Amino acid sequence: FLETTAYFCMKPKMGEKEVSPHSFFSIWHEFSSDFKDFWKKENKLILQERVKEAEEVCRQKKGKSLYNIRPKHDSGIVSKKYSNT
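Residues numbered from 1 in each chain as written. Predicted model: local features only at pLDDT ≥ 70, side-chain atom pairs only at ≥ 80, totals over all residues. Heavy atoms only, no water.

The name given to the protein chain in an unreviewed UniProt entry is FMN2 protein, and the organism recorded there is Rhipidura dahli.

Asker: Looking at this model, I keep getting lost on a nonpolar patch on the surface. Mind explaining?
Answerer: Together, Phe1, Leu2, Tyr7, Phe8, Phe25, Trp28, Phe31, Phe35 and Trp39 make up an exposed nonpolar region whose accessible area comes to about 1000 Å². Only α1 (2-7) and α2 (21-63) provide two or more residues apiece to the nonpolar patch. The element that contributes the greatest number of residues to the nonpolar patch is α2, accounting for five residues. We classify Phe8 as partly exposed; its relative accessible area is 40%. (Patch = residues over 30% accessible without salt bridge, like charges linked within 9 Å, V, L, I, M, F, W, Y side chains within 5 Å. Areas by Shrake-Rupley, 256 points an atom, 1.4 Å probe, with all protein chains shown as cover. Salt bridge = Lys/Arg side-chain N within 4 Å of Asp/Glu carboxyl O. Helix = DSSP H or I, 4+ residues; strand = E, 2+ residues; numbered from the N terminus. Buried < 20%, exposed > 50% of the residue type's maximum accessible area, 1.4 Å probe, protein only.)

Asker: Explain unusual backbone geometry here, please?
Answerer: Outside of glycine, negative phi angles account for most residues, and trans bonds account for most peptide bonds. Positive phi values are uncommon outside glycine, yet Cys9 reaches one of about 60 degrees. Checked against the element boundaries, Cys9 lands in the loop between α1 and α2. By relative accessible area, Cys9 is classed as exposed at 62%.

Next up, the structure:
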């Protein structure tokens, strides 16, 4: 515990010799709660962006046809019969 408080540069409050677990973990709890809230908000924004991108890709793919339609060329027996006369 003392090494952890030293790593995070925690100093004891006025009138105390050492950092108490209560003071350390009360600050840590606030930090972790804030971090969790920001994490959830950020993930929600990222998810919304990905949904918008996926919807845009779907719209673009629906706009393009999956197959090409070529005009019909007369190449059968009937066309040869009429082209010779």
